[in-house]
Amino acid sequence: MKISMVSEHASPLAALGEVDAGGQNVHVAELSAGLTRAGHEVTVYTRRDDEKQPDEVTMPGGYRVVHVPAGPPRYVPKDELLPHMGEFTRFLSSHWEADRPDVVHAHFWMSGLASLMAARPLDVPVVQTFHALGVVKRRHQGAHDTSPAERIGLERLIGRHASRVAATCSDEVFELVRMGLPRSRMSVVPCGVDLERFTPQGPAEPRDHRYRVVSVGRLVPRKGFDVAIAALRSLPEVELVIAGGPQEGRLAEDPEAQRLLRFASELGVADRVRLTGQIARADVPALLRSADVVVCTPWYEPFGIVPLEAMACGVPVVAAAVGGLTDSVVDGVTGVHVPPRRPDAVAAAVRKLLSDAALRDAYGIAGSDRARCRYSWDRIATDTFRVYERVVPAAALSEETG
Ligand code: UDP
C-alpha cells in the first residue's frame, strides 16, 4: 500500500524531550518504519522548521520524510501553526494529485484538517489519530491552555469526516464518544515500544547506594514532575532523577526546570532531585535500568510511551491512573496505579515496592513480558494496517496486488 503519514509539527527527525517533541514523533517514526518493513511504501509529511533541512530525506528505516514549506522555516510553537495550514494543505494537494496515496494517516488535529482538505477531492481515505484532544487539555489546563479557540470544534469536525479514527487507548475512545463521535468508526491501536533498544539486559547508568526513582518526559507542568518531587518528602532514602527538557546546559534558562528546582528547595528535598535535561534516545534505556522504580505522574496523558519503555526494561512503574496509562500499566501486575496529583499515594506505592525486592522483580518481569507480547512496533504496524484495510476500497488493493 502507498501510505502518506501527515504529522505537521512532530517530525521523525526531531530530538526528543523538548516542549513539542515527544511520543508523537516516536509513534510516527516507528510506525512508518514498521509499515516499511512489512513491504509498504511510506512517506511522512512534516513542516519544515529549519531552513537547512533538505526537501526530502530517506530515513534509516527506509521511509521518506518530505519537509513541507508552510510558515517560517524555524521552530514555531504548535499552538501557533494553524494560520499556516492552508499552505500545508496546498502542498499536500499538489503532491497527492501527482502521486496519489492509497491512504492518508493524519497525526494530531491540524494534520487531520490539512489531510481532509487535500485528500477528499481525490477520494483518498483519511485515518485520524489525535494523539491529544483539545477537550481534555482545556479541562486540565483551563486558562493556561494555549490551543487556538477553534481546536475543539475542529476536532469534532475532523472526527466526523475522517474515514476512521485510530485512537491510542480506551480512555480516548470514551472522550471521543462524549464528543458525539460514533464508536463504530473508531479502532484502538496503541503506541508501541522499541524492543531492541528497551531490554531488561544491558548497561545501567551508575548510581550510588540510595534507592533511585526515575521520571522521563517533556518538561511541561502537565507531566506532574512536581508530584514525584513532593512524594520525596516521605521517602528519605530515595533520589529522584528527572530526564527531559532542553539540554543540560540550557536548564538554567528553562522556566519549568527552575520552577521544579525551586519547589524541591521549598520542600527541603533539593539535594535528592537531579534534572539531567534532554537525554539522547540511545541513553534512555540505561537510565531506566538504573531505576528501582519509574514514576509517571501526569495530570493527564493521551498515551504515554515512557511507562512502556520502563516495562520493556523490566522496571516496575508507579503510574497515575489516567489516559493510556490505565491500559498499558496493569495494576498489581506490572506496576501500581495511583490517583493523579496525589504525592502521598505515589510515596506509599514507591515505599511498598522498595521494601520488597521480590515484588519489584515480579512486576519487572511481567512488565517486560507484556511489552514484548503486546507492544512491539511490528504488531502495532500490523494492527494499524488492518485499520487502513477497512477504509481502502478492496478494488484499490486488488489492482495493486493483481
Ligand atoms: N524522551 C527522550 N529524551 C528525553 C525525554 C524524552 O528520548 O530527554 C523520549 C521518551 O523516551 C519517549 C518520548 O520521548 O520515547 C516521550 O513520549 P511520551 O509518550 O511518554 O510523552 P509525550 O512527550 O508524547 O507527552
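Every value quoted in this text rests on a predicted model; they were computed, and no experiment measured them.

Asker: Quick question: what am I supposed to make of the UniProt feature "domain: Glycosyltransferase subfamily 4-like N-terminal" (unreviewed entry) in the chain here?
Answerer: Residues annotated by UniProt as "domain: Glycosyltransferase subfamily 4-like N-terminal" (unreviewed entry) correspond here to residues 22-197. Segment residues 22-197 splits into 39% helix and 18% strand. End C-alpha atoms: 17 Å apart.

Asker: Can you walk me through the packing of aromatic side chains in this structure?
Answerer: For any pair of aromatic rings, geometry is given as the distance between the ring centres together with the angle between the planes. One pass over the structure, following the stated rule, counts 2 aromatic pairs. Summarising the aromatic geometry, the rings of Tyr-45 and Trp-96 are spaced 5.9 Å apart at their centres and angled 85 degrees between planes, so their arrangement reads as edge-to-face. Taken together, the residues span a long stretch of sequence, with Tyr-45 in strand β2 (residues 41-47) and Trp-96 in helix α2 (residues 85-98) at a distance of 51 residues. In this structure, Tyr-45 and Trp-96 share a single accessibility class: buried. When the ring centre of Trp-299 is taken as origin, the NZ or CZ atom of Arg-341, which lies over that ring, is 4.1 Å away. The cationic tip of Arg-374 hangs over the ring face of Tyr-375; the distance from NZ or CZ to the ring centre is 5.7 Å.

Asker: Just checking my understanding: could you explain the nonpolar core for this structure?
Answerer: If you look at soluble globular proteins, the nonpolar side chains tend to sit buried side by side. Leu-35 and Tyr-388 are the most contacted members of the largest nonpolar core, which has 57 residues in total. With 7 residues, helix α14 (residues 377-391) is the single largest residue contributor to this core. Composition of this core by domain shows at least three residues from each of domain 1 (2-192 + 376-401) and domain 2 (211-374). Ignoring any residue separated from it by four or fewer positions in sequence, one finds Tyr-388 in contact with Met-1, Ile-3, Met-5, Leu-31, Leu-35, Val-103, His-105 and Val-127. Among the nonpolar cores identified, the runner-up in size contains 39 residues, and Leu-81, Phe-91, Leu-113 and Val-126 belong to it.

Asker: Would you take a moment to explain the UniProt feature "domain: Glycosyl transferase family" (unreviewed entry) in the chain for this structure?
Answerer: As recorded in UniProt, the sites labelled "domain: Glycosyl transferase family" (unreviewed entry) are residues 208-367. The annotated region residues 208-367 carries 38% helix and 18% strand content, and the separation between its end C-alpha atoms amounts to 25 Å.

About the cut-offs
Residues numbered from 1 in each chain as written. Predicted model: local features only at pLDDT ≥ 70, side-chain atom pairs only at ≥ 80, totals over all residues. Heavy atoms only, no water. UniProt positions renumbered as here; feature names shortened; annotations may be inferred. Helix = DSSP H or I, 4+ residues; strand = E, 2+ residues; numbered from the N terminus. Phe/Tyr/Trp six-rings, centres within 6.5 Å; stacked < 30°, edge-to-face > 60°. Buried < 20%, exposed > 50% of the residue type's maximum accessible area, 1.4 Å probe, protein only. Lys NZ or Arg CZ within 6 Å of the ring centre and 35° of its normal. Core = buried A, V, L, I, M, F, W, Y, C linked by side-chain atoms within 4.5 Å. Domains from an automatic or database assignment. Contact = heavy atoms within 4.5 Å.

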